[in-house]
Every structure is written in C-alpha cells, then in structure tokens.
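# Coordinate inspection notes
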Amino acid sequence: MSDTPTYASLTPLAPAIPTIINGLSGVDMQPSQTVSHHAVMNNSEQVVNQVSMVNNGANGQCPSTAMSLTVLSPAAPATPSSLTSEVKSESAEPPSFERSNLIAVLQFLKKNNLKGTEDLLRRESGFFDEIEDSKSGYGLESETSTIFSTYKNEGDPTEYEETYLNLLNFIERSLDSYKHEVSQVLYPVFVHMYLELVYNGHENMAIAFLERFSPQQEDYYQEDILSLSLVTTRDHMSGYQIMDNFRGSQFNVRITREGHAHLKRYLSEAGGGPVQRIIQNRLCFDIYDGVPRTRSQIVSTAGALEGEASRQVNKTKIFYGLLKEPELQNLIIEEDEGEEEGDKPKKKKHKKDPLQKSKKNDPNAPPNNRIPLPELRDIDKLEKAKAIRDAMKRVTLSKDNLPSICFYTFLNSNASLTSVEFSDDSSLLAFGTSDSFVCIQSITPAKLKALKSVEQLNDIDKDADDVLVRMMDERSAEQTKQLLGHSGPVYSCSFSPDRTLLLTAGKDGTIRLWSLQTWTCLVVYKGHIFPVWDVKFCQLGYYFASGSHDRTARLWATDHHQPLRIFSGHFSDVDVVQFHPNCNYIASGSSDRSIRLWDIQNGNCVRILTGHKGLINVLIFSPCGRYLSSAGSDHRVLVWDLSNGSLVAELISHTNSIYCLSFSRDGNLLVSVVWINV
Amino acid sequence: MILDSTLLCKMTTDTPSTVYFPLESVKIIGESIGIQSVSDEVAKEVSEDITFRLKNILQDATKFMNHGKRKKLSVLDFDQALQIKNIEPLYGITSKEHIPFRFASGGGRELHFIEDKEIEIAHWLAIEGVQPSIPENPPPISKNLQKKESVDPAAKLSTQIDKRDEKHIHGRGMKSIETVKVKQLATHELSAEQQLYYKEITEACVGSDEPKRGEALHSLAFDPGLHQMVPRLCTFIAEGVRVNVVQKNLALLIYLMRMAKALLDNQTLYLEKYLHEIVPSVMSCIVSRQLCLKPDMDNHWALRDFAARLISQICKNYNTTTNCLQTRITRVFSRCLNADKTHLSSMYGAIAGLSELGPEVSKALVLPKLRSLSEKIEQCLESTSTFEKNAVSHIKGLLLKNVAPILKLLRNPPDLVQDYKNEYGYLGSHLQIAVVKARQATSSTTTSISSAASAPLKAIAPPTRIIQHAPSVSQRTFVVNKPAAAAGQAQLGQKVIIMTSKPASNQSSPSVVSTSSPLTVSVAQATQKYVVVSAPNQPQIKQEIKEEPMDTSMMSPQQGLDIL
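These numbers were taken from a predicted model, which means no experiment stands behind them.

## Some thoughts on the overall build of chain A
Regarding its fold elements, chain A presents 22 helices and 26 strands. In chain A, buried positions account for 53% of the 678 residues. Taking the intrachain contacts of chain A between residues at least 6 apart in sequence as the baseline, contacts between residues at least 24 apart amount to 60%. Accessible area of chain A: about 30,200 Å², with a carbon and sulfur share of 52%.

As structure tokens, then:
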C-alpha cells in the first residue's frame, strides 16, 4: 500500500490551493488583495489568521489581536452580490456602511505600519480623501469604538423602553394577517436596542430593558438572550462570539409587501427614534408578494442566528440527482454467470432494474464531469457490482416491514467515547475516545491484518490469484487495532468507501488519514487551528470534508495537504458536514442553527436552511439525493427538499438531543438516535 | 478552587441570569495574593468581569461537552475551552465525578476548598525495645486518649489536640470505625518494622524457646507504642484460641493466655475496642469442656484458673456502665453453673470464674448452688471414672478455698459441723474445717485479684512433658478459620493475618497462618512483607482463596523476609 491514494490519474481541481473561497480569490495572493478581499468576508478566525500571517511576513510584527480583524466584516456572508444589491436597495442601507469597514481596515493597516498595503487599498478604494476626512470624525478611539460605531448614538436612553413598548403595542393592534410576520422584527430590534444601550454606557437601563422584555421573546431565542445578557459593558462587546454575529450580520426577515408597507407606515408615524434606526440599519427585509404566512409557518423556519434565509439564496438551481452509474452491467452479468450458472431467468430480469434506472438521463443529475471524480478501479467496480447484487436481494422496507436492529455496547467506556463509525458494509467499527485513541474493531469473524514488510512482499508471486490474501501478514491478525496520534479527544471518524483508509479528526485541530493496511498514519492535514468537529469521506473516496470550531467547512483531497475549498459563512461552529450522494455538494450544519449547502465546483453557498432551534448534530442525505434530513439538540428531525430549500417534514416526537440519523438504503425509512441518560 | 466552587454553589440556588461571582470570593482571593481590603466597588467591578469571562468560557466548554456526547460538563471540557481561547488551563484539577469541595466557615467567612489529604507515612522504629521520640515516629497515644477515643468516638473530633495526634487517631481509630461502616473495603497496613516486630513477637510467644518467650511477653507487657499492632495481636490470640481449643492443644492455649495477660498488663494500652476478641478467647479457656488431649492427666485446671484471673482483671479494668462487661460475663458463668448437664470441667471453670470476680459475686451465685454441688461431688467421687474423681476433687478444693472466707464472714463463730452439713450437704464438714482454719489464720487473705495478678506465670506453666508432646501433635502450622474445617465457622469480612517463618531451616519454630475466606493477601513490596487487605464478599474470590492462600501468602512474604 503506497502512502498516497491510488487515484493517480486524477488531476486536482485547480492548481492553486485553495482556489475559491465563496467566490473570492484565494488567500495566497498579495497582501493588499488579501486584505481588501477579506474586508468583505465574514468573520472567520481562520481566514483572519491567514491575513495575520501575511502581515507577519510584511514587517514581522504580530498584529495585536486577531479577533479585531474578524470584526471588520459586517456584510451578510455568502450572499451573492446581485442579491446583496437588491436587498440593499430595498432596505435603504446607507453606503457609508461599506465605508466604515474600509476605515477599519485602514486603521488596522496603519496601526501595524503596513504602508504599502494601505496605499494600495486607498488607491483602489478611490475615496481615500473622504476617508481622510471622516477619520477625524470617527476619531482614533479604541478599535471597539470604531467597529461598533454604528451603535453610537446620542439618543435619550429613557426612550428605549417606551418606543419598544410602542412597537409591541403596534404589533398587538395589527391585523391578524400581518401580526405574525411583523412580529418577526421584535427580536432583532430587541437585541440591537439592548446593545445600543450597553454600548452607550447605560448599563442599568440595559439590564432593566432586558429584564422587562426578554420574557416577551420567543422561547427559542431565550438561549441567545441569556448569553447576550452577559454583555453588560462596552468592553465585553469585542471578541465575544455572539456579539460578532449580531454586529456582523443583518437579520433577515421575510415579509409580504403589504406587511412591510404596514410596518413602514408605523415607523414613519412614530417618527425616528431607535426603533426606526435599527430597522433601517440592522434588518434586511426579504419582500415577496403573496399571502402572509401564519404563525406556525413562521415559527417553523425561524430560530437561526441570522434570521430566516432569504428566498433568493435558495433559488439557485442545484443538481440533486444522482450521478450516472458507471457501466457495470457486463461485470455483473459476468459475475453472475460465473457464480450462479443456470439461474432462474426471473431473477435476472429483476436484476436489471436498478441498472436501467441509473441509465436513464436524470435532468437533475449533474454531468459526471462537473467536478473531477476519482476514476473507478477494478476493485471498486467489483465492490459496486457486489453492492448492487446485494441490493437486488434486498427486501423493501416499509412501515409494516421494519428491519431488525443489531446493537453494540461499549462496556466500561466511562463516558470517554466521543465518536463511532461503521464502515459501509458493516464489517468494521471505528471509534475515537476522549483520551486520543482511535480503535478499529472487526465486527465480523475476519481478523484485521497488516501488510507484510517490503522484503516479504517482494517474494510474493504477483500473478497468483490470491495475491491480495498473500500480501497480508497472518501473524498480525487481531480483532482490534489501535491507532495513536491525536493529542486530544477524537470527535469524528470516517472510513473510505474501499475500507483501506480512515479519517479521524479531533480537538487538536488536525485531520489524520490512516491506512487500514499498514495501520499507520499517512497524512496529517493541518488547516483548521481549532478543534475539528466532523470529517466525512466522499462516497467515491478521494475527497473529504471537515467542519470546525473555526466556523468553516473545508473540502480536502487526500493527496493535498491543504484544503481545496474553504466554505465560510456560518456564524458559529460547523458541527457537522455531509457529502451529497452525487459528491457535488456539501451540507454543513452549525451551532448558529442553520444548515448550508455548498457547491463544491464554485464554493458558493447554494442553500441556507433555517428552522432548527438548537445546534445541529447530524445531517443525512436521502439516497435519492433530493432530501436532506437534519436533527440536533432541539429534539426535532427536519426533512428538507433540496430542490427548493423548503421544509417538507418536521418529526417532533423525540424528547432529547438527537445524535444520529440514517436512511435505509432504499430511502424508505429514516432512523434517528437520541441521547439517553444511562 | 475557591472560584469554581462558589460559582457552582450560587448556580444551584439562583436563576441563571442572576448568577454572579460573589464579592466575598473576590475579596478572599485578593487577600490570598496579598491585596488587603478590597473595596466593594472594586470587588464588584472585578466580579462582573470574572462572571462574564467565566460564563463565556463555560459556553465554549458546553460545545466540548456536546461533541463528547455527554450531558455532564467535565473539568476537561473547561480546560479545553480555555485552550481554544489560548489560555493555559489549570492543570491537575481533574475529577471523574464531582469535585469534592469541602465547606468551612469561621470568623464570618464561608469558604469552599478542596481538601488536601495528608498522606500518612508510618515510620515506626524501636531501638533496644524503646521507641525513639523522633519526628518520624508518631508519639505513643496516652492511655487516657485511647480510652476516650474508644468510649466516645465523637469526643475527639471536638477536642483540640495536636494535629499530628489527630491525624494519627484518624488513621487508626476513626478510619477503621467509620469507613468500615460505610464500605467493606479497608486497608490496614503496618510499616515494615512493625511487621517484623509482630512476626518476632508472635513467633516467640508460641514458640518453644522459654527465655525468648519471656522476653517477648515482657516486651508486650511493658513496651509503649504498641497500640497500632493491638488489633492484630488480639486477632492473633482470638484465632489461636479458636483453633487450639478445637485441637485441644493446652500448651499453646497457655501461651496465648500469657500473651493476653501481657497485653492487659501493658499500662500504655487500652484494649476496650478489642474486648470482643479477647473476652471470648479467655472465656473459652475457662469454660471449655476439654482443653487438652488427656483431661484426666493434664493440668488444664491451672489454665482455667489463670484465665479466670485474667477475666477478672479485664472486668476490673474495662467494665463500664455502657458495656456491662461484668454482668455479661457473670451471666455466662452462672448459666453454665445452673445448667443440668454441665461438664465437670466447665463447672470448675465457671466456679473459678465467679470466684475470681469477687466475694460478692460468689456469695450471690455460688453459695446458693453449694448444696447441689455437694451432692454432685459426692455422687462423682463414687464413680469409676478417674477423670470425674479428679475433676470433683479439683472442684472441691476450689470451693473450699473460695467459699470458706465468705462463710467466715457470713456465719458467726460457733461453727458446728452439723449445721454446715445440714446446709451444704457433703461439703459441709470440709467447709466447716476450712472456715475454722480461716478464722484462726486472721492474716490470711481472701483469694483476691491481687494475688492473681502477682501470680508468677511459671507457676502454671505446664509440665515439660506437654511441651515435648505438643510439637508432635501437629506441625505447628495452623490454618485458622479455614472454611468449614478447623473452626467450623467461616467469618466473612475478617482480616487476614499471616504469620510465617522460614519453614525448612527453622523447624522448631511454629508458624501460624490464619486466614479467613473472603479476603485476599497481596505482597506490596519486596521490603514490605505483606499487606493485609480486606476484600468485598465475592464468592469467586472465596473459592480461589480456599485453594491458593498458602501459595501466595507463604511464598511471597518469604522473599521479603529474606531481604529483611
């Protein structure tokens, strides 16, 4: 077994790494460009860190705080520029908003004495005179003050409670049809009013405001309000994650045109004040024509940190169909004849069905060359053929025909088990523990064997039929093998489809690729600097995805030590990632309570699915590729239709955090696993 | 430590939004680093900031908890949250379960802290039989203290004694009382020196070398600082008696009684806690039906007398209103005396025991029985059995010796034979003679305890014939309390005491191995001969031990011995 995977023929996606980040050019560019691009990027510490390194290279001086740079980017992340502009026009966002970012960047550059970059940026921005002028206006206060300057206002702190109460009353008095959709603004207005009060030093009033109105907010916001309540002074506002989110993003509110007009009318009547200011600056209205939604409709998609996903973002066409299966017919028939000579013709006819199905041209399927895919080796084809043959024997599962379940119990794990993974054919079990171990357990009678040494391998007759068996060292046969290398809890394991490789990721921020033939670590992928929560192999192998505390999901290939794509846009940890069955998309679930679907080809976010009220622990695609099922700590399983990003089902009978979901192979059944207190 | 605990305490009582870091804690922490008198405003500022940061870190820690698939936040989660914030975590504070914070208050302050347990390192060393008063040596606990501790365990918690003493008592006294109650597991360890001493003493006491025995008994009777080994010595005696009563080995029973006597004589020991082992042993030596292989020839009467004196000594020293020792002992004897078919040996023992308990006891319990005893004696004197004749003559002698002084006081001078005969039957005439004799010798003493105490040990030493005889009876290797074998009653949860010697080279010195079933014996270190560990009652272990105790316990300590 060589140290690299055997997809030698495959060319990487692009020569430069990483090539595309959310449609921006890569981070390995010149410093000036990097900085300017990152200015419009959202808050990802990882990216910022790379910026810092660039800066380091420039003058060898370490930037004081990495976090300070993260806060430079208030623009809504991953929103296609066309959409952003459209939204902007509707919400009447002042152009100075963009400018303040530039000012912040310039200040940062100036502070770190990055003259060249600064000049470049000024030239490029084209309004550096204005900046020069306005700078004095903003003053050279602390960084926090600059960043939060939008919160600065001289308004009377006593009017806050009153105006908010007015808003509440207005909504209460509204027609029932508008009432619920207008009430969506309550929470963001509440949050920003509170932050304004805190920023302007009216601590006691802020606390009183919070205490008075927090019970009026929806249940699913209470957790955020709780963490928000920690922020009671201006100093707390910088470097606090939830703050970054509120400050860095606009809150999306989906509303009918009539509803919006209704609200606007009220605001103009009320005449200025903090409510109007906040609604103008901080809220992003996604206006549509049609019937106002009911309360339950609104609640079903509310809850995410960023508000509701705008409809525009979910309009991109995606190819959710399955890839065209490679030509396996010959192989199957060949095998078939070899194995079961003179079998009944009836069976054969049945067997053709899945193949015929895959032959059909699915309009929703991506072209097979949309992204470079690993070439199937003979052994993979055999494996696939075997799987298809197995599938033919399968009994269709249904409500009345439920499968049996096999449970494995880990004894004496002492709450140290952090991840468990079965190989696709249920022959191997991998588990990671909080004390850095990774163990592979064979759950079939077959023992785990290691390859023979090089000298011994030379002696093997390579033409022998059983060469694969001969390559293995019988003496090393064991039921369990242990892999050591991580330096912290191992949060995720993933088998390659051919079961020769294993990926593990852990608290130490590394992803490790292990060979299950030599039982050694092959590669350590160091890209995430924070704990990696999840890693998943692509169904075809070669590619894999990871999600981390650094709020990015990343796409890797086994033969590249750096990520091919960095998917950045989540407002909190990316807790889980999942490959689409056709390998063209990656879904990521985050602690910001949203799910995003990323296109591998161009790195764009093509779907934002909001509706979870807690962090997302697990994502799973249906075998047909059209549906995505998700579940998390809000005890609910949601099923999404990827074709339009709509919520199709909400399964709510669980009463505890859900940690695992799985579709049956025919896609008829969905199983969910909850946390049980033992 | 102080931080977390106070915070936790608050969190359990208050609603989440009002949880704050207590100002008191800020002040205390300030003081601990030398900042005196932190003002309220400053403390409030600091407290707010700490609260914010702690909660911030806790929020991150919950992520680690969640990804660890747990619902319980661990210390490790907190450490990891600190790490991702690039803060060096506080190492060494790990806890699988809860953090065992202790609470203390005083001077208007309330404190939570983690108790640092002091590790007890025993360093017991005697030079020429005298324990030197070096810092490493625990000072011998005064008898009063031992007494206090055993009579009223709660009292010493309140008394302010020297810290070392306190720790000491805690190690020896309270620990064994308290923790044994809570769980079955309790480890008693002796230092290597103590183990050596124990071995030497027990070997010498039951060995055949009389001068050596004398030395050993002298050591037991006069050396201070033996209190740590008293439980083991008492167990040794108790187990030894149990086996040897069954085996009817008079010599060893005598040796063991002399050991008990030596311990009782030791002025530095307070044995109240171990009476449950000593008293039954001594009582066995008084009232057992048969104590030797040839009851008609061997002088087991002397052993009974000696043991009876012991029991009276115990009663005198340790009888309290709470343990009712004397009442209970007396009741045993009188029941023995009143029973119809009491064996003559037992009867002798019972009378001896009652007599030793003082004239008042004899008056109350022996005198009423005198007539029935007389009849029995008369009856037995005519029997053909030499043993019975022998026995009743001993009983007769004993009664005459002990009852005469009482009668002398009870009755008025005209001692008429007929009166005595009427009242006491066969014994009447003998009693009359004895009383008259007693009246003549005014200076003669009532058979008192003082005479018993001063009675030389040698006096009751068995004839040499028996000493020679004993080794041939058994090889002097005794397995005490072997299940269902020797003693017949396996006691669960009992400690294991092992005593070994070099088996081949020193054949004359006996080895006594006593084990009881549910226990394991393990060898801790090469220098340390053995550690006695009690184990939970598990049937599997029980069986293993039945088969194997000799191997593990005999061989391994041997190596240690050789090194020593």
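## Quick word on the overall build of chain B
The number of helices and strands found in chain B is 24 helices and 8 strands. Looking at chain B residue by residue over its 564 residues, the buried ones come to 46%. Contacts in chain B between residues far apart in sequence, at least 24 positions, make up 67% of those at least 6 positions apart.

## A short note on the interface of chain B and chain A
Taken together, the 20 residues of chain B in the interface contact 27 residues of chain A. In total, chain B and chain A occlude about 2,300 Å² of area from one another, counting both sides; carbon and sulfur atoms represent 57% of this. Here chain B and chain A share 1 salt bridge between them. Residue A:Asp573 is joined to B:Lys63 by a salt bridge in which the shortest nitrogen-to-oxygen separation is 2.6 Å. Joining chain B to chain A, the criterion identifies 8 residue pairs in polar contact (both at pLDDT 80 or more). At the level of secondary structure, the elements contributing two or more residues to the side of chain B that touches chain A comprise helix H3 (40-67) and helix H4 (75-84) of chain B. The greatest single-element share of the side of chain B that touches chain A, amounting to 11 residues, is contributed by H3(B). Here the side of chain B that touches chain A is built from residues that sort into 4 nonpolar, 8 polar and 8 charged.

## As for the side chain of A:Ser419
Residues and elements named next belong to chain A. Its location among the elements puts Ser419 in strand S3 (residues 417-422). Residue classification places Ser419 among the buried residues on the basis of a relative accessible area of 6%. Excluding residues within four positions of it along the chain, Ser419 makes contact with Ala430, Phe431, Gly432, Val490, Tyr491, Ser492 and Cys493.

## Overview of the pairing of strand S24 (residues 646-651) of chain A
On any regular strand, side chains alternate: one points to one face of the sheet, the next to the other face. All names here are of chain A. Both strand S23 (residues 637-641) and S24 contribute to a ladder of 5 bridges, which runs antiparallel. Paired with Val639 across the bridge in S24 is Ala649. Hairpin connection of S23 to S24: 4 residues between the antiparallel strands, including Gly645 at a positive phi of 75°.

## Observations concerning the sheet that holds strand S17 (residues 574-579) of chain A
Residue and element names in this part refer to chain A. An order of S17-S18-S19-S20 is seen for the 4 strands of this open sheet, with the pairing classed as antiparallel. Every other strand in the sheet has two partners, leaving S17 and strand S20 (605-610) as the edge strands with one partner each. Between one strand axis and the next, the sheet turns through 20° on average, direction left out of account.

## Observations concerning the pairing of strand S12 (residues 521-526) of chain A
Pairing analysis gives 5 bridges linking strand S11 (residues 510-515) of chain A to S12(A), with the strands arranged antiparallel. Residue pairing across strands places A:Leu513 opposite A:Val523, the latter belonging to S12(A).

## Regarding the sheet that holds strand S4 (residues 428-433) of chain A
Residue and element names in this part refer to chain A. The 4 strands are arranged S3-S4-S5-S8 in an open sheet whose pairing can be described as antiparallel. In this open sheet, the two strands that pair with only one neighbour each are S3 and strand S8 (480-484). With direction set aside, neighbouring strand axes in the sheet form an average angle of 20°. Where S4 lies against strand S5 (residues 437-442), 5 bridges are found, and the strand directions are antiparallel. By the bridge assignment, Leu429 is partnered in S5 with Gln441.

## Describing the confidence of the model for chain A
Residue and element names in this part refer to chain A. Mean pLDDT for chain A: 74, with 73% of residues reaching 70 or above. Low confidence marks residues 1-96, where pLDDT is under 50. Its contacts with residues over four positions away, or in another chain, come to 175 contacts. Note that residues 128-146 has pLDDT below 50 and, in this model, 27 contacts with residues that lie over four places away or in other chains.

## Topic: the nonpolar core
B:Leu220, B:Ile314, B:Phe333 and B:Leu399 are the most contacted members of the largest nonpolar core, which totals 94 residues. Filtering out sequence-adjacent residues up to four positions away, B:Leu399 remains in contact with B:Ile351, B:Val366, B:Leu370, B:Leu373, B:Ile377, B:Ala404 and B:Leu427.

## What to know about the environment of B:Ala81
Residue and element names in this part refer to chain B. By the element assignment, Ala81 lies in helix H4. When its relative accessible area of 0% is taken as the criterion, Ala81 is described as buried. In sequence terms Ala81 and Phe64 are 17 residues apart; their C-alpha atoms lie 7.5 Å from each other. Residue contacts for Ala81: discarding those within four places in its chain leaves Ile57, Asp60, Ala61 and Phe64.

## Quick notes on the packing of aromatic side chains
The geometry of an aromatic ring pair is captured by two quantities: the separation of the ring centres and the angle between the planes. All names here are of chain A. All told, the structure shown has 24 aromatic pairs over all chains when counted by the stated rule. Seen in terms of ring centroids, Tyr164 and Phe213 are 4.7 Å apart; in terms of plane orientation they differ by 65°. Their pairing is edge-to-face. Residue Tyr164 is located in helix H9 (residues 159-173), and its partner Phe213 is located in helix H12 (residues 203-213); the two are separated by 49 residues in the primary sequence. Tyr164 gets classed as buried once you look at its relative accessible area, which sits at 0%.

Definitions and limits used
- Residues numbered from 1 in each chain as written.
- Chains lettered and ligands numbered in written order.
- Predicted model: local features only at pLDDT ≥ 70, side-chain atom pairs only at ≥ 80, totals over all residues.
- Heavy atoms only, no water.
- Helix = DSSP H or I, 4+ residues; strand = E, 2+ residues; numbered from the N terminus.
- Buried < 20%, exposed > 50% of the residue type's maximum accessible area, 1.4 Å probe, protein only.
- Contact = heavy atoms within 4.5 Å.
- Areas by Shrake-Rupley, 256 points an atom, 1.4 Å probe, with all protein chains shown as cover.
- Buried area = accessible area lost by both parts, 1.4 Å probe.
- Salt bridge = Lys/Arg side-chain N within 4 Å of Asp/Glu carboxyl O.
- Polar contact = N/O pair within 3.5 Å; in protein donor to acceptor, adjacent residues only side chain to side chain.
- Nonpolar A, V, L, I, M, F, W, Y, C, P; charged D, E, K, R; others polar.
- Pairing = 2+ DSSP bridges.
- Axes fitted to C-alpha atoms, helices over the stretch in contact; angles between N-to-C directions.
- pLDDT = per-residue confidence, 0-100.
- Core = buried A, V, L, I, M, F, W, Y, C linked by side-chain atoms within 4.5 Å.
- Phe/Tyr/Trp six-rings, centres within 6.5 Å; stacked < 30°, edge-to-face > 60°.

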